Structure formats: structure tokens, C-alpha cells
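Residues per chain are reported as follows:
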Amino acid sequence: QVQLVESGGGLVQAGGSLRLSCAVSGRSFSILAMGWSRQAPGKEREFVARITQSGGSTVYLDSVQGRFTISRDNAKNTVYLQMNSLKPEDSAVYYCAAGVNVFSYNYWGRGTQVTVSS
């Protein structure tokens with residue numbers, strides 16, 4: 001069973017930065033594609049960033065391109081989401097996800113709240 005535990009969320013002012021982390025256990029991390037998604041109240045969940053097993057390829061939601069960076073450390077079984085120039089519309093619960101490829105996720109964390117004040 002794969003377990004994902006997110007951390008790093010919090011309250012930040014618009015224009016600020018946060019770095020989310022997701023620690024993965026229960027399976028070889030290097031064979032998992034990883035992603036970060038978010039869900040705001042009353043809205044559907046959307047993927048904001050995806051990264052392949054090697055970390056050699058990433059995909060971003062258009063609205064976060066250039067502001068967010070997804071990365072992974074296979075030695076630490078951890079995936080990160082660096083979020084810069086945060087906007088109030090980035091406020092949401094952010095979830096870490098793992099799967100066999102960047103478009104198929106089988107495992108999810110419980111989420112971490114990110115709130116951006118204006």
C-alpha cells in the first residue's frame with residue numbers, strides 16, 4: 001500500500017511563496033509518476049503539475065506555468081511543489097498523487113491547505 005503525506009501548506013500573502021512536500025512510502029518511489037492537484041471550495045479538482053518517474057519531464061496547468069515548479073528527489077522518496085508569486089485564486093487544498101504514469105493516478109494523499117490572502 002502506497003502512503004502519501006503532504007506538508008508545507010499554510011497562509012501566505014499574495015505575491016508570496018510556499019513549498020509543498022509529499023513524502024511517499026510503501027512502494028519504490030522511482031517507479032511512480034507523481035503529480036499535484038488542488039481543489040477549491042465549490043470547484044472541481046484540477047491537476048496543477050505532473051512529473052515523470054525520472055523527473056525528466058513535467059507538465060503544468062496553464063494558470064501556474066512559470067510560477068510553480070514540481071520536482072522530485074528519488075533518494076528521499078519526496079516530491080515537491082515550489083509555488084511563487086501566489087495569487088488568491090491559488091487558494092485550495094493541495095493533494096499529492098502517485099501512479100503508473102503522469103495521466104493515471106492510483107494513490108492520493110489527504111491534502112494540505114493553502115490560503116493566499118489579498
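Okay, so let's go over this structure. (Residues numbered from 1 in each chain as written. Predicted model: local features only at pLDDT ≥ 70, side-chain atom pairs only at ≥ 80, totals over all residues. Heavy atoms only, no water.)

**Structural notes on the pairing of strand β3 (residues 18-25)**
Thought 1: Here strand β1 (residues 3-7) pairs with β3 via 5 bridges, running antiparallel. Bridging across to β3, glutamine 3 finds its partner in serine 25.
Thought 2: Examined bridge by bridge, β3 and strand β8 (residues 78-83) share 6 bridges and lie antiparallel to one another. Each bridged residue has a counterpart across the sheet, and for alanine 23 the counterpart in β8 is threonine 78. (Pairing = 2+ DSSP bridges. Helix = DSSP H or I, 4+ residues; strand = E, 2+ residues; numbered from the N terminus.)

**So, the pattern of salt bridges**
Thought 1: Under the definition given, this model contains 3 salt bridges.
Thought 2: Of the charged contacts, one joins glutamate 46 and arginine 38 as a salt bridge, the two residues approaching to 2.8 Å between their closest N and O atoms.
Thought 3: We classify glutamate 46 as partly exposed; its relative accessible area is 31%.
Thought 4: Residue classification places arginine 38 among the buried residues on the basis of a relative accessible area of 6%.
Thought 5: A salt bridge links aspartate 90 to arginine 38; its shortest N-O distance comes to 2.9 Å. Of this pair, aspartate 90 sits in the loop between β8 and β9 (92-101) while arginine 38 sits in strand β4 (residues 33-39), and the two are 52 residues apart along the sequence. (Salt bridge = Lys/Arg side-chain N within 4 Å of Asp/Glu carboxyl O. Buried < 20%, exposed > 50% of the residue type's maximum accessible area, 1.4 Å probe, protein only.)

**Thoughts on the pairing of β8**
Thought 1: Among the 6 residues in β8, 5 count as buried, and that is most of the element.
Thought 2: The pairing of strand β7 (residues 68-73) with β8 spans 6 bridges and is antiparallel. Paired with threonine 69 across the two strands is glutamine 82, which belongs to β8.

**Some remarks on the state of the cysteines**
Thought 1: Evaluated as defined, the whole model comprises 1 disulfide.
Thought 2: What pairs with cysteine 22 in a disulfide is cysteine 96, and their sulfur atoms sit 2.1 Å apart. As the torsion about the S-S bond is roughly -85 degrees, the cysteine 22-cysteine 96 disulfide counts as left-handed. Highlighted residues: cysteine 22 in strand β3 and cysteine 96 in strand β9, separated in sequence by 74 residues. For the pair shown, cysteine 22 and cysteine 96 are each scored as buried. (Disulfide = S-S within 2.5 Å.)

Everything listed is a geometric property; what it means functionally is a separate question.
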